[in-house]
Amino acid sequence: MNQVDYLRISLIDRCNFRCQYCMPEGAELDYLLKQELLTDEELLTLIQEVFIPVGFTRFRLTGGEPLLRPSVVDLVGKIASLPATQDLSMTTNGFLLAPMAQSLHNAGLRRINISLDSLEADTFDQIIGNGGRSRWQDVWNGIQAAYRVGFDPLKLNVVVIPGVNDHEILNLAALSIDKQWHVRFIEFMPIGNSELFGDLGWVASAELRQQISDCWGLTASQIRGAGPADVFQIPGAKGTLGFISQMSECFCDRCNRMRLSADGWLRPCLLNENGQIDLKTALRHGINTTQLREQVRQLLAIKPEINFKERDSGTTAAYTRTMSQIGG
Ligand code: SAM
Ligand code: SF4
């Protein structure tokens, strides 16, 4: 059985983007009220007194957009300095990153994933649903700042949407050639905006690999991550190319993670709401952390049965929360 030691922590459900693939078009999302979010103190208590004692040692801060949480740098510092923390990383859309990159690094963050779905400002703005000023340059500045201050590995996440950004695969893959940047192509999932998914469908990683291989050749990389990506390299490139193929390939059997939402729900599987525990309400009702540890241990024990195992037909599942709400 896989050791489940990796927790993705959503710091906030809000976001300053409205990516087409992540949020339902038009509809207003019911954002959490401030008092519904786990406080910093509650989050740190859960990490130290519940998650670490049951075996979690690797944490990723995500959202929504994690950089919108005012205390993010402070939280990074506190989590990074826990002796049991073996790995701390973040997934961000990069919009606010440029001025924060150095403080995040100083606070102890070393690994960062930045979403970059397009190199064309117009396409990018269309994807992120921005009505006003273009935001591409801010994100690009964020990536450059992260590179300058020394985040390593620096990963760039691309969700591939047919007819929207799939003509840019080679240009995006080329970012891995001259710099040690790791570009990861993610198959579009029917979570968040299933209407768009129904209209456009998704592109299988195998097709992308073929395209890239026809252009430059592609070899399996020696550098393997601990996550679900299959990692390759353009011969001679400094960085790598990862393919996250949750639609075309089932990797539920090697799942090593759980997710904690910004309002304190511990979720054992991204694609399945069974088994969730409301840790925030428990804490606020005075349930002690010894009892919470026991509940999490029990959840860990049944996780293999909860894991979603029908990926090939997964397009029909009904997901009630978006990735930004779950903490993607
Ligand atoms: N706001 C941050 C960002 O965009 O990087 C962090 C949160 S976002 C929910 C985390 C990841 O989920 C991003 O890489 C995003 O591209 C991915 N994501 C969101 N909706 C998706 C979908 N329907 N299919 C595949 N990936 C999705
Ligand atoms: Fe926001 Fe990230 Fe979702 Fe885009 S993918 S809307 S940046 S949470």
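Further up the page is the structure itself.
Residues numbered from 1 in each chain as written. Chains lettered and ligands numbered in written order. Predicted model: local features only at pLDDT ≥ 70, side-chain atom pairs only at ≥ 80, totals over all residues. Heavy atoms only, no water.

## Let's talk about the overall build of the protein
Reasoning step 1: Regarding its fold elements, the protein presents 11 helices and 12 strands.
Reasoning step 2: For the protein, whose C-alpha radius of gyration is 19 Å, the value lies close to the compact-globule estimate of 20 Å for 328 residues.
Reasoning step 3: Each of the three principal axes of the protein carries a C-alpha extent, and together these read 60 × 45 × 45 Å.
Reasoning step 4: By residue count, 58% of the 328 residues in the protein fall in the buried class.
Reasoning step 5: The contacts of the protein with a sequence gap of at least 6 include a subset with a gap of at least 24, amounting to 72%. (Helix = DSSP H or I, 4+ residues; strand = E, 2+ residues; numbered from the N terminus. Rg over C-alpha atoms; globule rule 2.2 N^0.38 Å. Buried < 20%, exposed > 50% of the residue type's maximum accessible area, 1.4 Å probe, protein only. Contact = heavy atoms within 4.5 Å.)

## Some thoughts on unusual backbone geometry
Reasoning step 1: A cis amide bond, omega 5 degrees, links D152 with the succeeding residue P153.
Reasoning step 2: For P153, the position within the fold is in the loop between α5 (136-149) and β5 (154-160).

## Focus on the site of ligand 1
Reasoning step 1: In the neighbourhood of ligand 1, 20 residues make up the surrounding shell, with Y21, G64, S115, M189 and I191 lying closest.
Reasoning step 2: Contact between ligand 1 and T92: an oxygen atom at 3.2 Å from a main-chain N or O atom of the residue.
Reasoning step 3: At a separation of 3.2 Å, an oxygen atom of ligand 1 approaches a polar side-chain atom of N157.
Reasoning step 4: Compared with its free state, where it exposes 540 Å², ligand 1 has 95% of that area covered by protein. (Near = heavy atom within 4 Å. Polar contact = N/O pair within 3.5 Å; in protein donor to acceptor, adjacent residues only side chain to side chain. Areas by Shrake-Rupley, 256 points an atom, 1.4 Å probe, with all protein chains shown as cover.)

## Points about the pairing of strand β1 (residues 6-10)
Reasoning step 1: For β1, the buried fraction is high: 5 of the 5 residues fall into the buried class.
Reasoning step 2: Across the two faces of β1 the burial is the same, with Y6, R8 and S10 and L7 and I9 all buried.
Reasoning step 3: Where β1 meets strand β2 (residues 58-62), 5 bridges bridge the pair, whose relative direction is parallel. Bridging from a neighbouring strand, R8 pairs with R60 of β2. (Pairing = 2+ DSSP bridges.)

## Digging into the sheet that holds strand β11 (residues 265-267)
Reasoning step 1: Spatially, 12 strands are ordered β7-β8-β9-β6-β5-β4-β3-β2-β1-β10-β11-β12 in an open sheet, and the strand pairing comes out mixed. A strand with exactly one partner marks an edge of an open sheet, and here the two such strands are β7 (219-220) and β12 (277-278).
Reasoning step 2: With 4 bridges joining them, strand β3 (residues 87-92) and strand β4 (residues 111-115) adopt parallel strand pairing. Counted as the bridge partner of S89 is R111 from β4.
Reasoning step 3: Against the sheet, helix α2 (residues 72-80) contacts β2 and β3, and its axis sits at roughly 155 degrees relative to β3.
Reasoning step 4: Along the sheet, helix α10 (residues 289-306) makes contact with β10 (257-260), β11 and β12, crossing β10 at roughly 135 degrees. (Axes fitted to C-alpha atoms, helices over the stretch in contact; angles between N-to-C directions.)

## What about the site of ligand 2?
Reasoning step 1: Taken together, C15, F17, R18, C19, Y21, C22, M23, G64, N93 and S324 make up the full set of residues near ligand 2.
Reasoning step 2: Partitioned by chemical class, the residues of the shell around ligand 2 number 6 nonpolar, 3 polar and 1 charged. (Nonpolar A, V, L, I, M, F, W, Y, C, P; charged D, E, K, R; others polar.)

## Looking at the nonpolar core
Reasoning step 1: Ranked by size, the top nonpolar core spans 100 residues in total, and within it F51, F56, L104, L116, F185 and V296 carry the most contacts.
Reasoning step 2: With 7 residues, the top contributor of residues to this core is α5.
Reasoning step 3: Contact partners of F51, with chain neighbours within four places excluded, come to L7, L46, F56, F59, L260, L266, L279 and V296. (Core = buried A, V, L, I, M, F, W, Y, C linked by side-chain atoms within 4.5 Å.)

## Remarks on the packing of helix α1 (residues 40-51) against α10
Reasoning step 1: Interhelical geometry of α1 versus α10 gives an angle of 70 degrees and a closest axis separation of 9 Å. Our classification of the angle between α1 and α10 gives roughly perpendicular. Two packed elements cross with a definite hand, and for α1 against α10 that hand is right-handed. Counting all contacts with α1, which are made through T45, L46, E49, V50 and F51, the residues of α10 involved are T289, L292, R293 and V296.
Reasoning step 2: Taken together, the residues of the contact of α1 with α10 break down into 5 nonpolar, 2 polar and 2 charged. (Parallel < 35°, antiparallel > 145°, perpendicular 65-115°, else oblique. Left-handed = near helix turned anticlockwise from the far one by under 90°.)

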